[in-house]
Amino acid sequence: MEKSQFNGINMSSDFKDIKELIEKYKTNINKEKLATDLKKLKLANQLRGKPSISNDKDFQEDIKALRLNEFMFAPQSATNRLASKKPKEFRDLFIELFNKNDHAGEKTDNLKERVKAFIEKSKELNEDIGPNKKSDQDERLVGLYLTFFDSSKYTFYNDDIYLKLCSLLHKKEEKRPFRYSHFLTLIKDFVKDFIEKD
C-alpha cells in the first residue's frame, strides 16, 4: 500500500465530505475486490495471538515469524534484534502493551499510555543494546502488534488515513504517540455513524 493510498483511494485528494469518501471506497470494493487488503487480513488472521508472551523462547520465535515487511516498510531486523538481545525485557513490554500485566493492580486500560510506554521503553532497550541503533518501534508497528494480538479490538494504523479522517470529521489531530488510540476511536465512531447506517 502506497503511503497515501487506501484500497486504491488517494487519501491526499480533497473530498467534499465523508460520504464522498464512502462512495469512492464502495466503488473500489466492487472494482478491485480488495485483493491487497484481503491478503493482509488473511495473514493477520494466521498470525492471530502472536507473538506469544508465555515464555521467552516462543516469544523470540514468534517475533522472527511475524513477516512485518509484508504489511509495511518495517525493519524486521530491528524487532528481531530487540527480541534476541533483550528477550525478557522486550517480552515484558508486549505484556504491558497487550494489557496482560495483572500483578499488583498494574493492569491498565489506557491504550494511549500503553502505546507511549511501549515506544519509549523499546527505544531505551535499543539504546542499551548499542549506540546508533534505531528502534523503529512506532505507532504503525504497535498497531500491527495489537492487530495480530486481537483483530476484533484493534486494527492497522495508517497516518495518512488518520489525518484525512480528522479533517473530514472536523476533529483535532493528536500528537504522536497518541494518534493510534485516537484513530481507533475515530474508526469506531465512523463505523457506527456512517457504515452501520448505510
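Above: the structure in question.
Keep in mind that what you see is a predicted model, and the values were worked out from it rather than measured. (Residues numbered from 1 in each chain as written. Predicted model: local features only at pLDDT ≥ 70, side-chain atom pairs only at ≥ 80, totals over all residues. Heavy atoms only, no water.)

Trainee: Residues and numbers for unusual backbone geometry, please.
Mentor: Here Lys 50 and Pro 51 are connected by a cis peptide whose omega angle stands at -5°. In this structure, Pro 51 sits in the loop between helix 2 (35–46) and helix 3 (56–64). Cis geometry marks the peptide bond from Arg 176 to Pro 177; its omega dihedral reads 5°. Note on placement: Pro 177 falls in the loop between helix 8 (159–169) and helix 9 (179–195). (Helix = DSSP H or I, 4+ residues; strand = E, 2+ residues; numbered from the N terminus.)

Trainee: How would you sum up helix 3? Please name residues and give values.
Mentor: By the burial criterion, the buried members of helix 3 are Phe 59, Asp 62 and Ile 63. Down the axis of helix 3, the sector holding all buried residues measures 100°, keeping them to one side. On its buried face, helix 3 sits against helix 4 (76–85) and helix 5 (87–97). (Buried < 20%, exposed > 50% of the residue type's maximum accessible area, 1.4 Å probe, protein only. Arc of directions from axis to C-beta. Contact = heavy atoms within 4.5 Å.)

Trainee: How would you sum up the layout of surface pockets? Please name residues and give values.
Mentor: Here the idea is plain: a probe the size of a water molecule rolls over the atoms and shows the empty space left. If you add up the space inside the second largest pocket, you get close to 280 Å³. Lining the second largest pocket are 14 residues; nearest its centre among them are Ser 152, Lys 153, Tyr 154, Thr 155 and Leu 184. Among the secondary structure elements, those contributing two or more residues to the lining of the second largest pocket are helix 6 (111–129) and helix 9. Among the elements that take part in the lining of the second largest pocket, helix 9 stands out by supplying 5 residues, more than any other. Each residue belonging to the lining of the second largest pocket can be placed in one class, and the counts come to 4 nonpolar, 6 polar and 4 charged. (1 Å grid on protein atoms, 1.4 Å probe; cavity = no way out; pocket = protein on both sides within 12 Å on 5 of 7 lines; lining within 4 Å. Points joined across faces, edges and corners; volume = space filled by probe spheres on them. Nonpolar A, V, L, I, M, F, W, Y, C, P; charged D, E, K, R; others polar.)

Trainee: Just give me the short version of the packing of aromatic side chains, but keep the residues and values in it.
Mentor: Following the criterion strictly, the structure yields 12 aromatic pairs and no others. Measuring from ring centre to ring centre gives 6.1 Å for Phe 90 and Phe 118, while their planes differ by 40°; the resulting arrangement is tilted. Highlighted residues: Phe 90 in helix 5 and Phe 118 in helix 6, separated in sequence by 28 residues. For the pair Phe 90 and Phe 118, one class covers both residues: buried. Taking the centre distance of 5.2 Å and the plane angle of 90° together, the rings of Tyr 157 and Phe 183 count as edge-to-face. Of this pair, Tyr 157 sits in the loop between helix 7 (139–149) and helix 8 while Phe 183 sits in helix 9, placing them 26 residues apart in sequence. We classify Tyr 157 as buried; its relative accessible area is 8%. You can call Phe 183 buried: its relative accessible area is 4%. Three or more aromatic residues link up through ring pairs in this structure, and these residues are Phe 59, Phe 90, Phe 94, Phe 98, Phe 118, Tyr 145 and Phe 149. A cation over an aromatic ring shows up here: Lys 112 above the ring of Phe 178, its NZ or CZ 5.7 Å from the ring centre. (Phe/Tyr/Trp six-rings, centres within 6.5 Å; stacked < 30°, edge-to-face > 60°. Lys NZ or Arg CZ within 6 Å of the ring centre and 35° of its normal.)

Trainee: Quick rundown of the pattern of salt bridges? Include the residues and the values.
Mentor: Two side chains with opposite charge may pair up if their charged atoms get near one another. Overall, the coordinates contain 9 salt bridges when judged by the stated rule. Among the salt bridges present, the one from Arg 179 reaches Asp 159, with a minimum N-O distance of 3.0 Å. Residue Arg 179 is found in helix 9, and its partner Asp 159 is found in helix 8; the two are separated by 20 residues along the sequence. A residue is classified by how much of its surface remains accessible, and Arg 179, at 10% relative accessible area, is buried. Classification of Asp 159 as buried rests on a relative accessible area of 16%. Sharing partners across several salt bridges, the network here consists of Asp 159, Glu 173, Arg 176 and Arg 179. (Salt bridge = Lys/Arg side-chain N within 4 Å of Asp/Glu carboxyl O.)

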